[in-house]
Amino acid sequence: MRNGYIAQAAALEVARVIREGGHFFCPELPAMDVPRFLTALAELTDDVAGVSLALVGYGISDTDLRDRLNAVALPIGHVTTDLHEAAKWRNEPAIHTNIIALAAGRYPGVSTLAHFPRGNPRTLATQLLEWAQTDQAELASTPAQRQLLATLAEGPNLSTLMSLNGIAEFLATWKEAQAEDELDAPRRALPRLGILPDRKLFGAADTITQRLTQNFRLTQTLTNMHGHRFEGVRRRIQQSPPRHRARRLGILERAEAIRRTRGFDTYGALDFEDAKELLSPPKDDPDPDPGGDEQEDNGQPSDTLDGRGVSREGGVALLDGDDQTLQDISDCVRQAV
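**Q** Break down the overall build of the chain for me, citing the residues and quoting the values.
**A** A count of helical and extended segments in the chain gives 15 helices and four strands. Considering the chain as a whole, with its 337 residues, one finds that 45% of them fall into the buried category. Carbon and sulfur atoms make up 48% of the accessible area of the chain, which amounts to about 17,100 Å² in all.

**Q** Please give an account of the nonpolar core that cites residues and values.
**A** In terms of nonpolar packing, the biggest core is built from 66 residues, with Phe37, Leu102, Phe170 and Leu171 touching the most fellow members. In terms of residue count, the dominant contributor to this core is helix 1 (residues 2–20) (11 residues). Core analysis: the second largest hydrophobic core is formed by 16 residues, Leu196, Leu218, Met225 and Ile251 among them.

**Q** Now, about the packing of helix 6 (residues 143–154) against helix 7 (residues 164–177): what can you tell me, with residues and values included?
**A** Look at helix 6 against helix 7: their axes get within 13 Å of each other, and the N-to-C directions meet at 170°. With respect to each other, helix 6 and helix 7 are oriented roughly antiparallel. Contacts from Gln145, Leu148, Leu149 and Leu152 of helix 6 reach helix 7 at Phe170, Leu171 and Trp174. Classifying every residue of the contact of helix 6 with helix 7 by side-chain character gives six nonpolar, one polar and no charged.

The rules behind each value
- Residues numbered from 1 in each chain as written.
- Predicted model: local features only at pLDDT ≥ 70, side-chain atom pairs only at ≥ 80, totals over all residues.
- Heavy atoms only, no water.
- Helix = DSSP H or I, 4+ residues; strand = E, 2+ residues; numbered from the N terminus.
- Buried < 20%, exposed > 50% of the residue type's maximum accessible area, 1.4 Å probe, protein only.
- Areas by Shrake-Rupley, 256 points an atom, 1.4 Å probe, with all protein chains shown as cover.
- Core = buried A, V, L, I, M, F, W, Y, C linked by side-chain atoms within 4.5 Å.
- Axes fitted to C-alpha atoms, helices over the stretch in contact; angles between N-to-C directions.
- Parallel < 35°, antiparallel > 145°, perpendicular 65-115°, else oblique.
- Contact = heavy atoms within 4.5 Å.
- Nonpolar A, V, L, I, M, F, W, Y, C, P; charged D, E, K, R; others polar.

Structure representation (structure tokens):
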């Protein structure tokens with residue numbers, strides 16, 4: 001199914017190039033479903049006069065390619081599965097007015113096609129996400145799900161999630177999960193983008209962009225945390241209320257598994273909300289200091305700088321290696337002085 005979505009992305013881009021005219025070269029494409037590509041291309045355009053098509057590295061012969069084109073009634077004049085043959089087409093511009101060359105893998109020795117406009121995998125990924133919002137894709141069933149797809153396609157802060165492979169895997173996993181739970185399917189598919197599933201993705205006060213951005217940053221924090229920081233978190237959990245301890249230790253084990261092995265299964269086992277709780281425990285935990293926080297007359301915790309509070313928070317931050325908390329404490333001290 002993943003290869004089918006990559007084929008759809010390639011067909012969308014090739015159809016655009018055919019409409020606009022000119023040449024196009026897209027090397028280093030992932031494996032794709034060639035029949036799906038040709039079928040989608042035939043649905044997207046029927047004006048292929050002057051088009052010369054090269055499909056290289058997909059395990060088919062020139063004869064196979066021609067037969068498949070005939071099967072979908074796409075009368076492209078010249079075809080090849082040899083990139084060097086496609087390079088020769090440049091010497092006959094009157095015949096080959098619209099050269100389209102797609103190649104799986106790298107072909108550094110073919111410099112002639114290097115002058116062609118090149119395909120960008122992220123552009124293909126964006127087009128695929130835009131197509132996924134349509135009814136034809138049969139994916140998004142709610143406005144919130146369409147908003148998720150639009151956010152991924154348009155969000156400037158989410159470019160790190162936008163590999164063609166990752167988006168294709170994400171959509172394929174979403175599609176497969178629909179049979180079990182149509183509403184929850186996109187949340188389950190988030191680990192294909194290298195982030196954690198998020199049970200509150202569509203229900204939180206934060207925007208989807210904020211949730212995805214925070215999720216990515218937290219996932220990167222977990223995958224790059226040193227072992228001593230995990231031990232610091234473990235010690236803190238062991239001092240937490242008994243009613244929370246077993247559950248939080250379970251969350252910690254799943255977080256440590258991500259650090260050891262990055263992949264869909266380990267990411268999928270840890271929800272974003274649980275990971276946030278692990279690194280930022282709820283405020284309802286009792287204060288480990290017997291004296292507690294001093295109270296003002298109105299019964300609310302004091303906002304003034306307190307030596308015991310600084311010592312306590314600073315100790316936890318040092319134990320956990322929490323540079324941000326240490327910086328906040330430093331700023332607070334400077335303001336007080």
